[in-house]
Each structure stands twice: as structure tokens, then as C-alpha cells.
Amino acid sequence: MLPFLFLFVFFSCKKDETVSSDTLQEQTWSSEVYENMKDIYLWNDVLPTTFDASKYPTAPKALDYLAGLKINTDTREAIDHYSFLDKIGNLSGEISGGTASGDYGFMITAAYSSSTEVSFFVNYVYKNSPAGLAGVARSYQIISVNGSTAVHPEANADGSLVASSTGYTTVVNALFYSSNASFGFKKPDGTTFTASLNTASYAINSVLCDTVYPDLVNSKKVGYLTFNQFLGASSQTELTNTITKFETSGVQSLIVDLRYNGGGSVETCEMFSNLIAPAAANGKVMYSYKMNAALTGQTTATDMVAHFAKKNSFQPTEIYFIVSGNTASAAELLINNLRPYYSGNLFLIGQTTYGKPCGFWATPIGYKTDQTTTKEGYDLYAVSFEMVNALNQGGYYSGMTPGTTNYPGVHAYDSYNLPWGNQADLCIAQAINHISTGEFISSSNSKVKQANVLPISGIDRQFKGMIDFRKHPAMH
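Given the structure is predicted, the values throughout are model-derived calculations rather than measurements.

As for the overall build of the protein
So, point 1. Assigned secondary structure in the protein consists of 10 helices and 25 strands.
So, point 2. Every one of the 476 residues in the protein was classed for burial, and the buried ones make up 52%.
So, point 3. The contacts in the protein between residues at least 6 apart in sequence include a share of 72% that link residues at least 24 apart.
So, point 4. Just so you have it, the protein exposes about 20,600 Å², and 50% of that area is on carbon and sulfur atoms.

This is the structure we're talking about:
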């Protein structure tokens, strides 16, 4: 780590040009980003041999350049759209501590509410958040903001939202860039209410819904679980309680809804994998790391591999994962971990996932973790490892697509106009039909009618990452 640079103003050969102390500090941090990436970056072989930090006004700009150097040979685009810098402790605090701050606690998506009109719908809410405490729930439609009914964004012919349209800016500015706002909502039954919300800090609940569908099909009990974030101890407690409930209830078939899960803690992913793995997986490989040559040479073989360590007896006969383009990283890792041990009995339902088979450690930039003075700088999350399962399967940078050879299952749309766990949900209905008949519902003879809300785009600011807070090899 480079020490902090004492702040001063540098005068160049032109007397009227100065470089501010803030710029100099950012350049120092940019140099630290480069130096650290030479050690830990998965694709450090593409980094330049020298780096001129003065070309970049901020450390994030420097990272953008460095992360853009590794090109995907299939797409001819940068493969790394994952690495990022985070202001000290913001992300690690949320994931480890299970708390969020500075928002209302709900997220939205856009869809046609009629043949010509687009509306925003609530797709998930955290129960302890301002929105959750006000009674806001999934499937509610936004009908006003601060008294204005101009809340319907325009859409282009390809279904993308027009960001400059009044309906878009009214809702997005209130949701993401205001500390208080009044939202009008319409419930599925047609009734309406208004909630005046203030941003706040709150505890995040990872399990948004869990329920048991008793004896629905073939005398099988089906467990359904919506899991939204891989946080630390709080997520682990919630998962343990839910899986214990399923085991006690005699659940045989499991539906895990990951459609908005953007990832998080690898440790929690390991725990979840153990909770639902078959007994035969105990002691066998869960996943292994792939790192750059230098890190691989410095790491012991035992630290490169994680094994299943199953402590409960719950083992469903089949697992259905509900996924979408918002399903990322640790959520994808969970699926990949279990694929070798549920061959022929693990299915994906929904849409192609985000595609992130890699992760990172948090590396301090501009400060030392044990310093007692006020810390400035960033936490660097540069891709440092890729994970593969026991069969060496991984590399899903283009996502996992339901209904393909590698990922058996079926494509289905998101029924965000229905509450969590509703059996009419298109994805849940597909799982239940397959449990009952061994077949998925074809588009031509679907037993569930597509609602008149066609998905056109989502707004997702949720973190898509996979962080291992435990294993950070010593750098030489």
C-alpha cells in the first residue's frame, strides 16, 4: 500500500494551470488501484507494464480503463463489466451487517398496464423498510408521485424506456434521488392508497416469502422460497429457519426464487448450498477457485477448493430455480454448485441470468484497515477469481439460459403483477406443472393465461457481486 500523499498544490510550467489536491489524491489512489490489480486481478496478464495515473481524473476512471483491457473473444467487448470501487465500508457494511440506508426499501419494474400505457410496478419490498412498514407490497402499481399522475414513462418500439420522458423522470427522481416523497399505489384488487415515505436505515430481510404448498401434486409437498440477497449472519439465520420449516413439513420438491437476487456473500452461498444439497454430496467438492498464476502459486491447494459439509438431513428430490437477468453472481454460484449433484433433477425457470462466474475480495485503497485516523479512499473490488463446480463447469459469462442443454427448464416471464408465492405466477405454475406431470407448459397450450402486462425493461440498482470476505491471499 502506498502511504497517503500530503496534500499540496502543484504548479506546472504554465503559471495559470494548477492541479488540485483532490486530483493529486485521486491520482495516488489510481496508482494504488493499478499496483494492487497487478497482484490480484484475474486477468493481470493484459495490464500494461507501466501506468500513468495523471491521465485519469479519478480512481474510478482509471479502473474503467484497466477493466476494459480484457476482451471477450466471442463478443469482441470487454469481459470485465464487474470490477468497481466502493466508498469505504458502504457495501461491506450492507452485506456483512444486513442493513441498508438512504432509500425507501422497494424496487420497481416497468410494464404495459394497458395496450398503450406503460406503468411502474413494485417488484419487491423489504419488510422493515419505510415502504414495508407503510404496507407497500409486490404487485402494487404506482399511480402518482407527490400528487402528480404523470408517472407513465414512454417506451420505444423496441420496448426500452425513454429516460427523458416525464413519466420516467417523475418516478425515478423521487425513488432514487429524493429523501422524501409521496407515492400513490393501486393494489391488484383496484383499491388505492398513498404512502408518504422518508429514506431511512433498516435491517434487510433476505427471505421475502416462504410457504409450503401441501399435497398439491402426486401427494408431494412443495416448498417455495423467495431469496433476495446473500447477506451475512442475518441471511444465514433466515435460511436456516426456512429450510428447517420445510424439513419439518415434509417438503419433497423445492422452488427457490432468485429472480432479483444480485449476489453477495460467498460464505452465505456455501451455507445455502449445504442446506439443500443431497446427503451424497457431503465431503465432496462444492466449487474450486481459478486465479491468476501468481496467486495460484502462493495459495495452498486446500484453500483453492471448497467442499460440502452438510449438517442437516433435508434433501429435496428436485429443485426448481426461478431466475431472470437480475439473477447474478452468488445466486448463479448456488445453482452451479448443485448441478453435479442433482443431475436430471435441477431446473431453471424464467429468463437468462446476468452471467457472472467470478468474484472478488475487498482491497483497501488509500487507507489501512487498522488505522485509527479518519479513513479516506475506496474499497477495490477487482475480479480476482473465477469459480467452477465439481465437474469443472463454469464460465457462464453470457448467463444461464433456461431450457438449454446445460440448463434444463423453460423460459417464462415475470408475474410482477402477482404477490410472492401465488400459484398463478407463470414461473411457479411451470414448476408445479412439472412436479405434477413431468412436463413444462408449452406456449401453445399454457394452462396459465399471460396477464396483460408484458415485461419491457427493469430498473435495477441492486448489487451484482460475489464477495469472499474470508480468503484474501497474502501478497508478496
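Some points on the confidence of the model for the protein
So, point 1. Within the protein, residue pLDDT values average 88, and 87% of them lie at 70 or more.
So, point 2. Considering only residues more than four positions removed or in separate chains, one finds that residues 1-16, a stretch of pLDDT under 50, has 30 contacts.
So, point 3. Note that residues 448-452 has pLDDT below 50 and, in this model, 11 contacts with residues that lie over four places away or in other chains.

Here's the deal with the sheet that holds strand β16 (residues 305-307)
So, point 1. A sheet is described by the order of its strands in space; here four strands give the open sequence β16-β15-β22-β19, paired in antiparallel fashion. Looking at the sheet topology across the chains shown, the edges are occupied by β16 and β19 (358-359).
So, point 2. Relative to strand β22 (residues 385-388), β19 runs antiparallel, the two sharing two bridges. Paired with Gly 359 across the bridge in β22 is Phe 385.
So, point 3. Against the sheet, helix α7 (residues 266-276) touches β15 (285-290), β16 and β22, its axis set at about 155 degrees to β15.

Considering the nonpolar core
So, point 1. Judged by nonpolar contacts, the single largest core of 56 residues is most densely connected at Phe 106, Ile 142, Phe 183 and Phe 185.
So, point 2. Apart from the residues lying within four places of it in its own chain, the contact partners of Phe 185 are Phe 106, Val 122, Val 136, Tyr 140, Gln 141, Ile 142, Ile 143, Thr 191, Thr 192, Phe 193 and Ala 195.
So, point 3. Counting 47 residues, the second-largest nonpolar core is a separate cluster that includes Val 207, Val 256, Tyr 287 and Phe 321.

A few points about unusual backbone geometry
So, point 1. The phi torsion at Ser 139 lies on the positive side, around 90 degrees, for a residue other than glycine.
So, point 2. Relative to the assigned elements, Ser 139 resides in the loop between α4 (130-133) and β7 (141-145).
So, point 3. Residue Ser 139 is classed as buried on the basis of its relative accessible area of 4%.
So, point 4. If you check the backbone angles, Asn 146 has positive phi at about 50 degrees while not being a glycine.
So, point 5. Examined against the element boundaries, Asn 146 turns out to sit in the loop between β7 and α5 (166-176).
So, point 6. By relative accessible area, Asn 146 is classed as exposed at 53%.

Observations regarding the packing of helix α1 (residues 21-40) against helix α2 (residues 59-67)
The axes of two packed helices give the description: the angle between them and the distance between them.
So, point 1. At a closest axis distance of 8 Å, the pairing of α1 and α2 adopts a crossing angle of 30 degrees. As α1 runs across α2, the sense of the crossing is right-handed. Residues Glu 26, Trp 29, Ser 30, Val 33, Tyr 34 and Met 37 of α1 lie in contact with α2, whose contacting residues are Ala 59, Pro 60, Ala 62, Leu 63 and Leu 66.
So, point 2. Residue composition of the contact of α1 with α2, by class: nine nonpolar, one polar and one charged.

Looking at the pattern of salt bridges
So, point 1. Throughout the structure, instances matching the rule amount to seven salt bridges.
So, point 2. Between Lys 38 and Glu 35 there is a salt bridge, with the nearest N and O atoms lying 3.2 Å from each other. Here Lys 38 and its partner Glu 35 are both found in helix α1, three residues apart, which amounts to about one turn of the helix.
So, point 3. According to the relative accessible area criterion, Lys 38 is partly exposed, its value standing at 34%.
So, point 4. Between Asp 414 and Arg 259 there is a salt bridge, and its shortest N-O distance comes to 2.8 Å. Of this pair, Asp 414 sits in the loop between β23 (409-411) and α10 (426-437) while Arg 259 is found in the loop between β13 (253-257) and β14 (263-265), placing the two residues 155 residues apart along the sequence.
So, point 5. A relative accessible area of 14% means that Asp 414 is categorised as buried.
So, point 6. By relative accessible area, which is 2% here, Arg 259 ends up buried.
So, point 7. Beyond isolated ion pairs, a larger network of salt bridges with shared partners links Arg 138, Asp 257, Arg 259, Asp 414 and Asp 425.

Comments concerning the pairing of β15
On any regular strand, side chains alternate: one points to one face of the sheet, the next to the other face.
So, point 1. Pairing analysis gives three bridges linking β15 to β16, with the strands arranged antiparallel. Residue pairing for β16: Tyr 287 is matched across the bridge by Ala 306.
So, point 2. Relative to β22, β15 runs antiparallel, the two being bridged by three bridges. What sits directly across from Ser 288, in β22, is Val 388.

A word on the environment of Glu 238
So, point 1. Within the fold, Glu 238 resides in helix α6 (residues 233-249).
So, point 2. Given a relative accessible area of 18%, Glu 238 falls into the buried group.
So, point 3. Between the C-alpha atoms of Glu 238 and Asn 205, which are 33 residues apart in sequence, the distance is 8.0 Å.
So, point 4. Not counting the four nearest positions on each side in its chain, Glu 238 is found in contact with Ile 204, Asn 205, Ser 206 and Val 207.
So, point 5. One polar contact links the side chain of Glu 238 to the main-chain amide nitrogen of Ser 206, over a distance of 2.9 Å.

Rules of the game
Residues numbered from 1 in each chain as written. Predicted model: local features only at pLDDT ≥ 70, side-chain atom pairs only at ≥ 80, totals over all residues. Heavy atoms only, no water. Helix = DSSP H or I, 4+ residues; strand = E, 2+ residues; numbered from the N terminus. Buried < 20%, exposed > 50% of the residue type's maximum accessible area, 1.4 Å probe, protein only. Contact = heavy atoms within 4.5 Å. Areas by Shrake-Rupley, 256 points an atom, 1.4 Å probe, with all protein chains shown as cover. pLDDT = per-residue confidence, 0-100. Pairing = 2+ DSSP bridges. Axes fitted to C-alpha atoms, helices over the stretch in contact; angles between N-to-C directions. Core = buried A, V, L, I, M, F, W, Y, C linked by side-chain atoms within 4.5 Å. Left-handed = near helix turned anticlockwise from the far one by under 90°. Nonpolar A, V, L, I, M, F, W, Y, C, P; charged D, E, K, R; others polar. Salt bridge = Lys/Arg side-chain N within 4 Å of Asp/Glu carboxyl O. Polar contact = N/O pair within 3.5 Å; in protein donor to acceptor, adjacent residues only side chain to side chain.

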